[in-house]
Every structure is written in structure tokens, then in C-alpha cells.
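# Coordinates in review
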Amino acid sequence: MISVVIADDQDLVRSGLALVLQARGLAVLAEVADGRHAIDAVRRTDADVVLMDIRMPVLDGIGATRELTRLGCRTKILMLTTYDLDEYVYDALRAGAAGFLLKATPPDVLAAGIRTVAAGDALLAPGITRRLIEEHISRPPPVRGVPTALVALTPREVHVLTEIARGKSNGEIASSLVVSEATVKTHVNHILAKLDLRGRVQAVVLAYETGLISPGR
């Protein structure tokens, strides 16, 4: 059973989310009202996922995400907020979040999103990805060969990273390469380890920032 910590400064929101998730087979280990307590709860429970609001007292969700990333916690961070603001999305993903959803997300989609993030995949609300890339990520001209920041990768890993940046799932990448999904997952793990990245979202950001791929390609 996937375990979850809920961090939100509104009592009714926390209670409602807990009921929604428990009804869909997820275990809620803690409910907290600010980012500082979210950090404590994650370290205490070692939950699989923390649902993190952005606007909270004491320490906001982005600050808490940044601290959890610095601490190297294995818990995946899924931002859940009312505010569909680009600067929040970018800052959250830069801080180490694995995904970003809005509170208007239907309950079944939210539960599925938690499972997606717990499995190590990236998750963004529909419509956010392209806007994020085109408006907030620096876009150098496409480079020839492998960008300097990616020289640690093998040619196959560079290819896999390119496919990840294009939004392909592990299954889709496996089909195009004619290898098993487990092999692709191994490549992904090597990419994240070599580049010191927390997850697939940060890998996508780096692919665009280095010019490995550019919007529309």
C-alpha cells in the first residue's frame, strides 16, 4: 500500500484529502499544516509520497521541498495547489518536486497521480508542461553532438534522455528501442545518478536547458 503525508494549512482540505485517498486504497500516515512539520513528518514516517501545498505558514511548500531534496529523502513530492501560476510550477520543479497538480483535480485522477509519482514517473497537470518549457526554461540553440553537461552519459543514455524529454513513458521508449521496460528503467536510473537528478522532471528540464532538445522538436 502506498503511503502518503498530507501538508496543507486548511483543516478541511487535509481532512477531505485524507478521506479521498483512504477510500482509494492509499495509506495516510500524517496530516500537517505547514512546511516545517511536513519535513518532520516525512522524516518520521518515510512515506512514499507527500502531497505538498505551496502557500503555507512557517515554511512554504517550495521551501520544504527544497529542504527535503537537500536531505536526500526518498519520499516523492507532489505539489497540490489552487494556484496555477507558472513561477510556482517552475520553482517547485527546480526545488525537486516530482509533479504538480491542481486541487481541482478529480479524486480518481489524484489517486492515480500519487501512484504514478510513487513509481518514479513525472506528473504535471495537463497544459502545464509546454507552457513551462516555452516560457520559463532558457532555450539555447540546438547543439551538435552531446552537450558538455551530459558527457557522462553513454550514447544510449543520451537517446533515452531525449525520449524522456519528449514525454515518452518507459514502455514507449522500450518499444522504440526494442528492449525490455526493465532495461529502460535501468538506463533512467543511471541517467539520474550520473547527473545527480532527483527525478524525471528534473531530467526534462536539464535536457531543454542544455539544448539537447528544444520546444517543438
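Now for a quick tour of the structure.

Calculation notes
- Every chain begins its residue count from 1, and numbering advances along the sequence as written.
- Where local features are concerned, this predicted model is filtered to residues with pLDDT of at least 70; where side-chain atom pairs are given and counted, the filter is 80 or more; whole-chain, interface and lining totals use all residues.
- Calculation of side-chain values draws on the structure's entire complement of heavy atoms; hydrogens and water are dropped beforehand.
- Helix and strand assignments come from DSSP, with helices taken as H or I runs of at least 4 residues and strands as E runs of at least 2, each series counted from the N terminus.
- The classification of residues rests on relative accessible area computed with a 1.4 Å probe and restricted to protein chains. Under 20% of the type maximum is buried, over 50% is exposed, and intermediate values are partly exposed.
- Note on contacts: a residue pair qualifies if any of its non-hydrogen atoms lie within 4.5 Å across the two residues.
- For the accessible areas, the method is Shrake-Rupley and the probe is 1.4 Å, while residue cover comes only from the protein chains on display.
- Here the nonpolar core consists of buried residues drawn from Ala, Val, Leu, Ile, Met, Phe, Trp, Tyr and Cys, with membership extended through side-chain atoms lying within 4.5 Å.
- Only when DSSP finds a minimum of two bridges between them are two strands counted as paired.
- Each axis is a line fitted through C-alpha atoms, taken for helices only over the stretch in contact, and angles between the N-to-C directions span 0 to 180 degrees.
- The working definition used for a salt bridge is a side-chain nitrogen of Lys or Arg within 4 Å of a carboxyl oxygen of Asp or Glu.
- An angle below 35 degrees is treated as roughly parallel, one above 145 as roughly antiparallel, one from 65 to 115 as roughly perpendicular, and anything else as oblique.
- Gly counts as polar in this scheme, as do all residues outside two lists: the nonpolar Ala, Val, Leu, Ile, Met, Phe, Trp, Tyr, Cys and Pro, and the charged Asp, Glu, Lys and Arg.
- Two helices that cross are described as forming a left-handed crossing if the nearer one is turned anticlockwise from the farther one by less than a right angle, and a right-handed crossing if clockwise.

### Some thoughts on the overall build of the protein chain
- For the protein chain, the count of helices and strands is 10 helices and six strands.
- Looking at the 217 residues of the protein chain, the share that counts as buried comes to 49%.
- Counting contacts in the protein chain only where the partners sit at least 6 residues apart, residues at least 24 apart contribute 68% of the total.
- About 10200 Å² of surface is accessible on the protein chain, with carbon and sulfur atoms providing 53% of the total.

### Details of the side chain of Asp-53
- Note that Asp-53 resides in the loop between β3 (49-52) and α3 (61-71).
- Each residue touching Asp-53, except ones within four places of it in the same chain, is listed here: Ala-7, Asp-8, Asp-9, Gly-61, Met-79, Leu-80, Thr-81 and Lys-103.

### Here's the deal with the nonpolar core
- In this structure, Val-50, Met-52, Ile-62, Leu-68, Ile-77, Met-79 and Phe-100 are the most contacted members of the largest nonpolar core, which totals 29 residues.
- Counting residues per element, the ones that place at least two in this core are β1 (3-7), β2 (27-32), α2 (35-45), β3, α3, β4 (76-81) and α4 (86-95).
- Looking at this core, the element that brings in the most residues is α4, giving five residues.
- Every residue in contact with Leu-68, bar those within four places of it in the chain, is listed here: Ile-39, Val-42, Val-50, Met-52, Cys-73, Ile-77 and Arg-198.

### Quick notes on the sheet that holds β1
- Reading across from one edge, β2-β1-β3-β4-β5-β6 is the order of the six strands in this open sheet, with parallel pairing throughout. Across the chains shown, the open sheet's two edge strands, defined by having one partner strand only, are β2 and β6 (123-124).
- Relative to strand β5 (residues 99-102), β4 runs parallel, the two sharing four bridges. Considered in β5, the bridge of Leu-78 is made with Gly-99.
- In the packing of helix α1 (residues 11-22) onto the sheet, the strands contacted are β1, β2, β3 and β4, and the crossing angle to β2 comes to about 175°.

### Thoughts on the pattern of salt bridges
- Throughout the structure, instances matching the rule amount to 10 salt bridges.
- Between Asp-108 and Arg-24 there is a salt bridge; the shortest N-O distance is 2.6 Å. Of this pair, Asp-108 sits in helix α5 (residues 107-118) while Arg-24 is found in the loop between α1 and β2, placing the two residues 84 residues apart along the sequence.
- According to the relative accessible area criterion, Asp-108 is exposed, its value standing at 52%.

### Some details on the side chain of His-187
- Tracing the backbone through its elements, the reader meets His-187 in helix α9 (residues 181-195).
- Judged by its relative accessible area of 16%, His-187 falls in the buried class.

### What to know about the pairing of β4
- For β4, the buried fraction is high: five of the six residues fall into the buried class.
- Two elements, β3 and β4, share four bridges in a ladder whose sense is parallel. Its bridge partner being in β4, Met-52 is matched across the sheet by Met-79.

### Overview of the packing of helix α8 (residues 170-177) against α9
- Running from N to C, α8 and α9 point in directions that differ by 110°, and their axes come no closer than 8 Å. The angle between α8 and α9 places the two elements in the roughly perpendicular class. Where α8 abuts α9, its residues Asn-170, Gly-171, Ile-173 and Ala-174 lie against Glu-181, Val-184, Lys-185 and Val-188.
- Split by residue class, the contact of α8 with α9 holds four nonpolar, two polar and two charged.

### A word on the packing of α2 against α3
- α3 packs onto α2 with a crossing angle of 30° between their chain directions and a minimal axis gap of 9 Å. Taken together, α2 and α3 sit at an angle that is classed as roughly parallel. Along this stretch, α2 crosses α3, giving a crossing that reads as right-handed. Where α2 abuts α3, its residues Gly-35, Ile-39, Val-42 and Arg-43 lie against Ala-64, Glu-67, Leu-68 and Leu-71.
- Split into classes, the residues belonging to the contact of α2 with α3 amount to five nonpolar, one polar and two charged.

### Focus: the environment of Asp-121
- Tracing the chain through its elements places Asp-121 in the loop between α5 and β6.
- Given a relative accessible area of 30%, Asp-121 falls into the partly exposed group.
- Discounting residues that sit within four places of it in the chain, Asp-121 has contacts with Ala-98, Thr-116 and Arg-200.

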